[in-house]
Amino acid sequence: MLPAQRVQRLLSQGPAARFDGLARRVVEHDARPLIPALRAALRAAGEQAIDEVVLRALLAEQHRDLLFAPWGQVGDRFYPCPPEATPTLYDDEGFDEVEGPLLSRAIDALARLGLVTRAPGVFAATAEGRVWAGLDPTGPTPRLSLSGDLELVVPPGALPPWERFVVELATSPVSRDVVDRLRLGRVELERALGYVPLTTLLSVLESRVGHSLPASVVRALQLWARPWERIVWEEERAPFG
């Protein structure tokens, strides 16, 4: 797979899938089975806070073997452990001792990632965390503005990551703020054509700009791209002799 295709595959994932991939990287290995349960809890809570003690009790009651299956089928059951270690009973007290810290560290990792915000004993989803949990974002997607002098005005949230990558390749920044101003240029377009054809850039602009593309801009892009998208055929010549 070409580098551009790998980048497109990564950036074309939906935000929920990207956040989930990041969550699985920052949450420690033993706690990763908790991730679907935490997503479900955030989805059910919406904008409300979640009591960590209540969540821990629900996990112990409803998903007792989510992280560890017990050793022993008759009599007392224990957590898996090395032969030389003192085993921990597989009961509610053991759950608080073993799985409780894993749950807290998993929530801490999600907080560092920006998917949840924490207060003593409670946590809640951030805006990104609500997207990760599968809750629909509110409000329409903002539109780009493209002027005849090749300047793009890009409001926050107007471009998904792959399309943002394409636009950034073909432009240079005029100013960076809450709203970015970018300018299309010949050198920048040549750089972009090393990754995607002109038709891809035009398709992104046509779908995201809130008005018809200025004809002068389309002509300029086509003119700049012509030397890079021309195919030259040469007939094979017979060798001398």
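Quick caveat, the model's predicted, so the values are computed rather than measured.

K.L.:
Any chance you could explain the side chain of Asp20 here in plain terms?
P.N.:
Checked against the element boundaries, Asp20 lands in helix H2 (residues 15-26). Judged by relative accessible area, Asp20 falls into the buried class, the value being 13%. Within the local environment of Asp20, its side chain forms a polar contact with the side chain of Arg39, the two groups lying 3.5 Å apart. Side chain to side chain, Asp20 and Trp132 meet in a polar contact 3.0 Å long. Non-local contacts of Asp20, meaning those with residues more than four positions away in its chain, are made with Ile35, Arg39 and Trp132.

K.L.:
Help me understand the packing of aromatic side chains in this model?
P.N.:
Two measures describe an aromatic ring pair: the distance that separates the ring centres and the angle between the ring planes. Applying the stated criterion to the full structure yields 2 aromatic pairs. One aromatic cluster in this structure is built from Trp162, Phe165 and Tyr195.

K.L.:
Would you take a moment to explain the environment of Trp71 for this structure?
P.N.:
Within the secondary structure, Trp71 is located in the loop between helix H4 (52-62) and helix H5 (92-113). Overall, the relative accessible area of 45% leaves Trp71 in the partly exposed class. When the C-alpha atoms of Trp71 and Pro87 are compared, they prove to be 9.7 Å apart, with 16 residues separating the residues in sequence. Excluding residues within four positions of it along the chain, Trp71 makes contact with Asp76, Arg77, Phe78, Tyr79, Pro80 and Cys81.

K.L.:
When you look at the nonpolar core in this model, what are you seeing that I'm missing?
P.N.:
Inside soluble globular proteins, nonpolar side chains tend to come together where they are buried. Formed by 31 residues in total, the largest nonpolar core has its most connected members in Leu152, Leu184, Leu189, Leu198, Leu201, Leu205 and Leu221. Elements with a minimum of two residues in this core: strand E5 (151-154), helix H7 (161-169), strand E7 (180-184), helix H8 (186-193), helix H9 (198-208) and helix H10 (215-229). Ranked by residue count, the leading element in this core is H10, at 6 residues. The contact partners of Leu221, leaving out residues within four places of it in the chain, are Leu184, Leu189, Leu198, Leu201, Leu202 and Leu205. The next biggest cluster of nonpolar side chains, apart from the first, holds 29 residues, and it includes Val27, Ile35, Ala41 and Leu115.

Reading guide: rules and limits
Residues numbered from 1 in each chain as written. Predicted model: local features only at pLDDT ≥ 70, side-chain atom pairs only at ≥ 80, totals over all residues. Heavy atoms only, no water. Helix = DSSP H or I, 4+ residues; strand = E, 2+ residues; numbered from the N terminus. Buried < 20%, exposed > 50% of the residue type's maximum accessible area, 1.4 Å probe, protein only. Polar contact = N/O pair within 3.5 Å; in protein donor to acceptor, adjacent residues only side chain to side chain. Contact = heavy atoms within 4.5 Å. Phe/Tyr/Trp six-rings, centres within 6.5 Å; stacked < 30°, edge-to-face > 60°. Core = buried A, V, L, I, M, F, W, Y, C linked by side-chain atoms within 4.5 Å.

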